[in-house]
Amino acid sequence: MRILKIIIYVILTIVLLAVVISLFLPAKTELERSIVINAPVESIFAEVNDLKKWPNWSPWNEMDPTMAMTYADKTAGEGASYSWEGDPNITGTGKLTITESRENEYIATDLDFGQQDTAIGYYTFENTGEGTKVTWGFETDHGWNPLSRWIGAVFIEPMLGPTFEDGLENLKTHVESLPSLPSDDEVSIVEVQPITYIGLGAKLDASNSEVISSTMADLYGRLMQYSEESGAEITGAPIAVYKSLGEEDIEVVCGLPVSSGTTIMHQDIKVDSTLGGEAVKAVHKGSYEKLPATYDKMNIFIDKNRRQAIGQPYELYITDPEEVTDTTQWITEVYFPIGRE
């Protein structure tokens, strides 16, 4: 019995000592890791500012493949958020919200781990002579909670430090592998006239580029055949109008420009027009697979100039791939009809 009392006394002493020591441990834990990425700050900022792009580089997705993410209606910029549910021993559950977003400079996030704790994450972007320096930071306030203070002092640095380093390396590898964004002088605000076109549409799987390419080629072939048979005069370069651009599906209408007032006697082919007025125009040079980078640049340009897209984006294929086989020489004009915020 005396031995049991001694053991209890020792345990209580250790617990009391741990609590007393915790009072002298830091009430806050702060952590930072940095890396230099050989890419424009706009390209890097776009990958961090859009939560749906995080799986391309986030270390948490690698650590826990079972993690399920649920996105809010807004997924980019201030107010964007997602919640996650994963392995309780790895990522657990929680919610992340972007609380501040300063273009190409700073992003702040709130991390809510439910009953466990809360924290603040942040990213800074700085142009240097060697590239763009990206810093990923983390801070949390433990208050007077002795257990949280011990975890912060002993475990967070060795656990999170390597994870942040892996994430930044992933971000560097991913961004440096992306095609270069068009330069600022290739994106501009222009005044456009409506384009009348005959068109055939399709809803396609956004992830299957081969099906998209073959389907669009078939639609253009049918349009060309109809124009030749009907005598309809083609007045410009082939056009693709995107009725919707979703993560899973896209709805596109392939068209051939015709004169205003053209009528069509065909059950599938329709006559429609693009929106006239102000539009953001980008000149894309290269293969069609690299067009998403141009769209990213245009979205950044639209936000920077405090405009908003008000119509359906469309592409004009200036170069005929059958005449020019070198994809690096293909020219595509991309247009976003816009209005003021």
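Structural data are supplied above this passage.
Keep in mind that what you see is a predicted model, and the values were worked out from it rather than measured. (Residues numbered from 1 in each chain as written. Predicted model: local features only at pLDDT ≥ 70, side-chain atom pairs only at ≥ 80, totals over all residues. Heavy atoms only, no water.)

Engineer: Which residues make up the side chain of E47, and what values go with them?
Structural biologist: Relative to the helices and strands, E47 is located in helix 2 (residues 41-49). When near neighbours in sequence (up to four residues on either side) are disregarded, E47 contacts K53, W54, N56, W57, L171, H174, V175 and L178. (Helix = DSSP H or I, 4+ residues; strand = E, 2+ residues; numbered from the N terminus. Contact = heavy atoms within 4.5 Å.)

Engineer: Describe the pattern of salt bridges, with residues and values.
Structural biologist: Working definition: two side chains of opposite charge can pair if their charged atoms are close together. Within this structure, the stated rule accounts for ten salt bridges. The salt bridge partner of E165 is R33, with a shortest N-O separation of 2.8 Å. Highlighted residues: E165 in helix 4 (residues 146-177) and R33 in strand 1 (residues 28-37), separated in sequence by 132 residues. Residues K172 and E176 are paired through a salt bridge, measuring 2.8 Å at the closest nitrogen-oxygen approach. Of this pair, K172 and E176 both sit in helix 4, four residues apart, roughly one helical turn. Given a relative accessible area of 22%, K172 falls into the partly exposed group. (Salt bridge = Lys/Arg side-chain N within 4 Å of Asp/Glu carboxyl O. Buried < 20%, exposed > 50% of the residue type's maximum accessible area, 1.4 Å probe, protein only.)

Engineer: Outline helix 5 (residues 209-230), supporting the account with residue identities and numerical values.
Structural biologist: Taking 1.5 Å as the rise per residue, helix 5 with 22 residues should run 32 Å; its terminal C-alpha atoms sit 31 Å apart, in good agreement. Taken residue by residue, helix 5 has I212, M216, L219, Y220, L223, Y226 and S227 as its buried positions. An end-on view of helix 5 places all buried positions within 125° of arc, on one side of the element. Looking at helix 5, the residues exposed on the side facing more than 90 degrees away from the buried face are E210, E228 and E229. The elements touched by buried residues of helix 5 are strand 9 (196-205), strand 10 (239-245), strand 11 (249-257) and strand 15 (314-317). At the exit of helix 5 stands G231, carrying a positive phi of roughly 80°. (Expected span 1.5 Å × (residues − 1). Arc of directions from axis to C-beta.)

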